[in-house]
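Structural description and commentary
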Amino acid sequence: MSDPGSSAERSIGQLVATATAEMSALVHDEIALAKAELRQDVKRGATGAIAISIAGVFLLFSLPVFSFAAAYGIHNLGLGLAWSFLIVGGAFVLLAAVLALLAVSKFKKVKPPEKSIASAKQTAAVLQNVKPRPRPESDRKPALPAATERELTRG
């Protein structure tokens, strides 16, 4: 047999303490890794959001340029300049009207969450009918003698 102080014969308490410390360190390392990954993902997401925002701004700025190009292109086909701009403007109004009709048709299809509402009503009905059960005598605190109760309220 080896001597009692060797690491081969550690007590169960020491083994549990070591295992607990190692598990705690492992959990802390996992949390640190998750935080690092999340930070990296947030940075990527922020960069993507900024890039898409700038792209949207450029797209918005390009709309008048393309509108003028379309109007001057129609003008080069032999139509008057005013009529060319009127045609391009009318095309935008027509496009906006089609998109508005599409939006209205989609909004009309939106309905309240009927299943969730029914479930919530059912739960509320069940909870309204619930009556509290009296606790068994074994769970109740024993009543204090009147003298002890007076002493506690004075202090």
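In this report, the structure presented in the accompanying data block is examined. (Residues numbered from 1 in each chain as written. Predicted model: local features only at pLDDT ≥ 70, side-chain atom pairs only at ≥ 80, totals over all residues. Heavy atoms only, no water.)

The subject of this paragraph is the overall build of the protein. Counting its secondary structure elements, the protein contains 4 helices and 0 strands. Of the regular secondary structure in the protein, the N- to C-terminal order runs α-α-α-α. Per-residue burial over the protein gives 3% buried out of 155 residues. Total accessible area on the protein stands at roughly 14,000 Å², and carbon and sulfur atoms take up 69% of it. (Helix = DSSP H or I, 4+ residues; strand = E, 2+ residues; numbered from the N terminus. Buried < 20%, exposed > 50% of the residue type's maximum accessible area, 1.4 Å probe, protein only. Areas by Shrake-Rupley, 256 points an atom, 1.4 Å probe, with all protein chains shown as cover.)

Inspection of the entire model under this criterion finds 2 aromatic pairs. Considering the side-chain rings of F68 and F85, the 5.3 Å spacing of their centres and the 75° angle between planes classify their relative orientation as edge-to-face. Of this pair, F68 sits in helix α1 (residues 12–76) while F85 sits in helix α2 (residues 81–108), and the two are 17 residues apart along the sequence. With relative accessibility at 44%, the residue F68 sits in the partly exposed group. Given a relative accessible area of 29%, F85 falls into the partly exposed group. Within the aromatic cluster, the residues linked to one another by ring pairs are F68, Y72 and F85. (Phe/Tyr/Trp six-rings, centres within 6.5 Å; stacked < 30°, edge-to-face > 60°.)

Turning our eyes to something else, we now look at the side chain of S67. Secondary-structure assignment places S67 in helix α1. Apart from residues lying up to four places away in sequence, S67 is in contact with V88 and F92. (Contact = heavy atoms within 4.5 Å.)

Without other data, these values stay purely geometric and don't point to any function.
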